[in-house]
Amino acid sequence: MTVFIYEIPIHGMMYAVYLSTYHERKFWFSSRQELEREITFQGDSAIYYSFYKELLKAPSFERGVYELTHNNKTVSLRTINAVQQMTLYPELIASVLYQASGSEEVIEPVYFYIGIVFGLQGIYMAALFVTSWVMSGTWLAGMLTVAWFIINRTDTTRIDYSIPLRENWALPYFACQIAALTGYLKNNINSSAERFCYLLVSASTYTFMMMWEYSHYLLFVQAVSLFLLDSFALVQTDKVHEVYKIYLFSLFLAYLLQFENPALLVSPLLSLVAALMLSKCLQMNMKKGTFISRMLKIMYFYLVFTITVTMNFLLKTFVPHKENEHVLKFLEVKFGLNTTKNFTVNWLLCQESLQTPSQDFFLRLTQSSLLPFYILVLIICLSSVTQVIFRRISGEPLKEKITLDDGRIGERPEIAYHVIHTVLMGSLAMILEGMKYLWTPYMCMLAAFGVCSPELWMTLFKWLRLRAVHPILLALILSMAVPSIIGFSLWKEYFPRIMTELSELQEFYDSDTVELMMWVKRQAPVAAVFAGSPQLMGMIKLCTGWMVTSLPLYNDVDLLQRNENIYQIYSKRSAEDIYKILTSYKATYLIIEDSICNEVGPVKGCRVKDLLDIANGHVVCDEGDSYAYSKYGRFCHEIKMNYSPYVNYFTRVYWNRSYFVYKINTVISFQS
């Protein structure tokens, strides 16, 4: 047993080394110059890393934090608290560790930064390993979880191409929290182990909340799972309410340390937990199995729902906060309740992560055998949990100690929790493809636990009333044979592919972007303000440090409006309109991207220029066909022609195959 315990950190370290090796092979990172390395950070990833660089350049850590919390050098005409708005606590921690550990003379900042993220991914893997092991009782489940996770890496993580994303910093802590919660919910656990699990749940919950601005939504889903678990008397009530207290304490601490972030006060998590705590007394009197208690249970669900909705409404009414109306509009359109021409809403609808999962996603999971075994395990566990719920409603008490011969896997509280949680996560993943990065690791863990668990096979045999062979013996044999067969088949098919990935040198070199950044650093004045697509502006900020007009961030209403306004450079509007928009944000340079201007998207209507034409009313329908019409040509095309009035407002100062840079004239000449 002790030998296998040492395998847990070893598996995590091996996965971190694997990620580092793959990253090196993909980007040739060690042979690149600093600028070439930085352009591998795309979109919002570039923004996060740029602030890490600024912290290291600051004369002191305190001064660096002050400049980030009072930042007026990133977005024109705005002073922002970047730490709060962009959740820069990972960068604060990384910069402190880099300077305090004396790593300046040992390792470059970029390697230290990505090394921490890869190390966290190793912890992520180890937490999944432990969770499946604790649930099944065998290390084989952990091994199978790791194998499925790596094989389905396309659908389990975005670490390959977006290292600084908040989820890559946060999800390892969430996995640790789930592992600790799994142990904490177990019935037969000694007091010292229970105390350790409780402390780990507390620490990881708070850390997770500090690392990601959307963490409280995931914790809300988890809280709903625990609420259902407790409502059907499948777990000790005191344990669930201790977790509720952890939520409240974490919310309170996070609220204070995130500069009194109002988003945490109006979060559904706070409203739900407060409602559950208020309803605690009523719930304690309704687990008798009588008809009255069943009626009270229905009333309890209604009471909790009513209090949660009412409290959330009151908090949003009295707590000053920025209401994300675009999110509500997005949900309305997403579920077919409304239609809109709004650019931001339609742009969000076109994002792959916010669409329903593609058939390729399910095909990949089926080819790796993950989906079939997950469905098998889920059906057995869900059916068993449902049986237990009906027994509890009828007044039958739970057995104090469950043996293998009982074949009642659904009576284990940690199993019931994971079944409810994975169903909720899967339901969200069926709506939003981006949720697959949370659900697929869960699938790996649950499927591996199931095929390695003798209790699951015994539960199945009890239903089938198997008598030809001794069921316990057969369950033990299958719990060893099935994962071994799966593991061997996965190793035979996928191990050569993984080795090929690590041995092949991939080519990633964007010469046009490198040339653009070099020109900006050498030719643009220090006071220059650049305008262009938000994704490109993130790279401009990282690679050059110059001020920009917009950022690739989507949790701020003002930035979303800026993005839409700046995107008008790809619409069919006049030179004067574009000039007024750009000068209103004090922009001095404009960058046109040929890839957006001449975009040929796979889905018609989802290109940036299509969305702009719809929002601006430039789409005309004729006999079922739609086409764009305006008395002005598309700005990004017309400006390249170098004729009046475009040359009156803009002067081209640089261009290559992909980018066209124009200086915005301060003195307008109207020569013909």
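Located above this text is the structure these notes cover.
Let me sum up the structure you'll find in this document. As the structure is a computational prediction, the values presented were derived from the model and not from experiment. (Residues numbered from 1 in each chain as written. Predicted model: local features only at pLDDT ≥ 70, side-chain atom pairs only at ≥ 80, totals over all residues. Heavy atoms only, no water.)

### A look at the packing of aromatic side chains
Across all of its chains, the model carries 35 aromatic pairs by this definition. Where Trp212 meets Tyr214, the ring centres are 6.3 Å apart and the plane angle is 85 degrees; that geometry is what we call edge-to-face. Taking relative accessible area as the criterion, Trp212 reaches 13% and is therefore assigned buried. Members of the aromatic cluster, connected to one another through ring pairs, are Tyr579, Phe635, Tyr643, Tyr646, Tyr649 and Phe650. The ring of Tyr22 carries the charged tip of Arg153 above its face, separated from the ring centre by 4.7 Å. Taking NZ or CZ as reference, Arg166 lies 3.8 Å from the ring centre of Tyr48, over its face. (Phe/Tyr/Trp six-rings, centres within 6.5 Å; stacked < 30°, edge-to-face > 60°. Buried < 20%, exposed > 50% of the residue type's maximum accessible area, 1.4 Å probe, protein only. Lys NZ or Arg CZ within 6 Å of the ring centre and 35° of its normal.)

### What to know about the packing of helix H10 (residues 166-185) against helix H11 (residues 191-211)
Following both chains from N to C, one finds H10 and H11 inclined at 160 degrees, their axes separated by 8 Å at the closest point. Put simply, H10 runs roughly antiparallel to H11. Crossing handedness for the pair H10 and H11: left-handed. Note on element contacts: H11 touches H10 through Glu194, Cys197, Tyr198, Leu200, Val201, Ser204, Thr205, Thr207, Phe208 and Met211, opposite Arg166, Trp169, Ala170, Leu171, Tyr173, Phe174, Cys176, Gln177, Ala180, Leu181, Gly183 and Tyr184. (Axes fitted to C-alpha atoms, helices over the stretch in contact; angles between N-to-C directions. Helix = DSSP H or I, 4+ residues; strand = E, 2+ residues; numbered from the N terminus. Parallel < 35°, antiparallel > 145°, perpendicular 65-115°, else oblique. Left-handed = near helix turned anticlockwise from the far one by under 90°. Contact = heavy atoms within 4.5 Å.)

### Details of the state of the cysteines
As enumerated under the stated definition, the model contains two disulfides in all. One disulfide in the model links Cys350 with Cys606; its S-S distance is 2.1 Å. Between Cys350 and Cys606, the S-S torsion sits near -80 degrees, and that sign places the bridge as left-handed. Note that Cys350 is positioned in helix H19 (residues 343-350) and Cys606 in the loop between helix H30 (594-597) and helix H31 (608-615), a separation of 256 residues in sequence. A relative accessible area of 19% means that Cys350 is categorised as buried. Disulfide pairing places Cys597 opposite Cys636 at an S-S distance of 2.1 Å. In this structure, the disulfide formed by Cys597 and Cys636 twists by about 85 degrees around the S-S bond and is classed as right-handed. On the criterion of sequence distance, the pair formed by Cys597 in helix H30 and Cys636 in helix H32 (residues 635-638) is long-range, its members being 39 residues apart. Here Cys597 matches Cys636 in class, with each residue buried. In the protein, the bonded cysteines, numbered by position in the sequence, are linked as 1-3, 2-4. (Disulfide = S-S within 2.5 Å.)

### Details of helix H3 (residues 44-57)
For H3, built from 14 residues, the straight-helix expectation of 20 Å at 1.5 Å per residue is met to within 8% by its first-to-last C-alpha distance of 21 Å. Burial within H3 is extensive, with 11 of its 14 residues counted as buried. All buried positions along H3 are accounted for by Ser45, Ala46, Ile47, Tyr48, Tyr49, Ser50, Phe51, Tyr52, Lys53, Leu55 and Leu56. (Expected span 1.5 Å × (residues − 1).)

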